[in-house]
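# Analysis of the macromolecular model
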Amino acid sequence: MTQLDASQGITEKSVRLLLADILGTEILDDLTFLAQGGDSYHAVLVVERVSELWGIEADFTTVLRSTPVELAAALGAAPRPS
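What this report covers is the structure whose coordinates are included nearby. Everything numeric here is computed off the predicted structure, so don't read it as measured data.

This part takes up helix H1 (residues 12–23). Count 3.6 residues to each turn of an α-helix, and residues three or four apart come out pointing the same way. With 12 residues, H1 should cover 16 Å at 1.5 Å per step; its first-to-last C-alpha distance of 16 Å lies within 8% of that length. On its buried face, H1 sits against helix H2 (40–54) and helix H4 (68–77). Looking at the residues trailing H1, positive phi occurs at glycine 24, about 70°.

In this section: the side chain of serine 66. Structurally, serine 66 is set in the loop between helix H3 (60–65) and H4. Its relative accessible area of 9% is what places serine 66 among the buried residues. Polar side-chain contacts of serine 66 include one of 2.6 Å to the backbone oxygen of threonine 62. Ignoring any residue separated from it by four or fewer positions in sequence, one finds serine 66 in contact with Leu31, Thr32, Phe33 and Leu71.

This paragraph deals with H2. Under the 1.5 Å per step criterion, the end-to-end length of H2 is 21 Å for 15 residues, consistent within 8% with the ideal 21 Å. Along H2, the positions that sit buried rather than exposed are Ala43, Val46, Val47, Val50 and Trp54. Down the axis of H2, the smallest arc covering the buried residues is 100°, so these residues share one side. Those residues of H2 that are exposed and aimed more than 90 degrees away from the buried face are Tyr41 and Glu52. Among the structural elements, H1, H3 and H4 are those in contact with the buried residues of H2.

This part is about the nonpolar core. Counting residues in hydrophobic clusters, the biggest one holds 22 residues, and the most contacted among them are Phe33, Val46, Val50, Val63 and Leu75. The element best represented in this core is H1, accounting for 6 residues.

So, how was this worked out
Residues numbered from 1 in each chain as written. Predicted model: local features only at pLDDT ≥ 70, side-chain atom pairs only at ≥ 80, totals over all residues. Heavy atoms only, no water. Helix = DSSP H or I, 4+ residues; strand = E, 2+ residues; numbered from the N terminus. Expected span 1.5 Å × (residues − 1). Contact = heavy atoms within 4.5 Å. Buried < 20%, exposed > 50% of the residue type's maximum accessible area, 1.4 Å probe, protein only. Polar contact = N/O pair within 3.5 Å; in protein donor to acceptor, adjacent residues only side chain to side chain. Arc of directions from axis to C-beta. Core = buried A, V, L, I, M, F, W, Y, C linked by side-chain atoms within 4.5 Å.

Below is the structure:
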């Protein structure tokens, strides 16, 4: 597995790598987080890791309901702290 490099920013690839690391499985582009085996506990881990890596707050419900592509778009549009 390729190592996640937060300095490269939020991309579909970086989101897939993040989810794969947390869920311990290959991540498919067309399935939601829940459909790929995610649950509320793992969604909390995603929210925490996004904050650590990129300094933004991921929406918990968006994590649960999004595909990796949708999540990358939502994170890319999230407000940055000043």
